[in-house]
Amino acid sequence: MVKTMKMVEGLDQEWIDLILEARNLGIEMEMVRNFFKQNVTKELVAVSENNQ
């Protein structure tokens, strides 16, 4: 797959590739959404703690 620096709705090509791979592996979309929700929350907490 061709790698580009193009941003699509806030995601870089590497994230898009991972999402497509998850789909090809049969991982349900809801599981991918939950993963993003959980990890975004963890990242926000970590950033907040580092800024204190």
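My aim in this report is to walk through the structure given alongside it, one point at a time.

Definitions and cut-offs
- Residues numbered from 1 in each chain as written.
- Predicted model: local features only at pLDDT ≥ 70, side-chain atom pairs only at ≥ 80, totals over all residues.
- Heavy atoms only, no water.
- Helix = DSSP H or I, 4+ residues; strand = E, 2+ residues; numbered from the N terminus.
- Buried < 20%, exposed > 50% of the residue type's maximum accessible area, 1.4 Å probe, protein only.
- Areas by Shrake-Rupley, 256 points an atom, 1.4 Å probe, with all protein chains shown as cover.
- Salt bridge = Lys/Arg side-chain N within 4 Å of Asp/Glu carboxyl O.

## Structural notes on the overall build of the chain
Right, on to step 1. Check the secondary structure of the chain and you find two helices and zero strands.
Right, on to step 2. Going through the 52 residues of the chain one by one, you find that 10% of them count as buried.
Right, on to step 3. Within the structure as shown, the chain displays about 4,900 Å² of accessible surface, and the carbon and sulfur contribution to it stands at 59%.

## Regarding the pattern of salt bridges
Charged atoms that come close allow side chains of opposite charge to pair.
Right, on to step 1. Enumeration according to the criterion identifies one salt bridge in this entry.
Right, on to step 2. Taking the shortest distance from any N to any O, the salt bridge between Glu30 and Arg33 comes out at 3.6 Å. Separated by three residues within a single helix, Glu30 and Arg33 lie in helix α2 (residues 29-50), roughly one turn from each other.

Shape descriptors only; they carry no functional weight alone.
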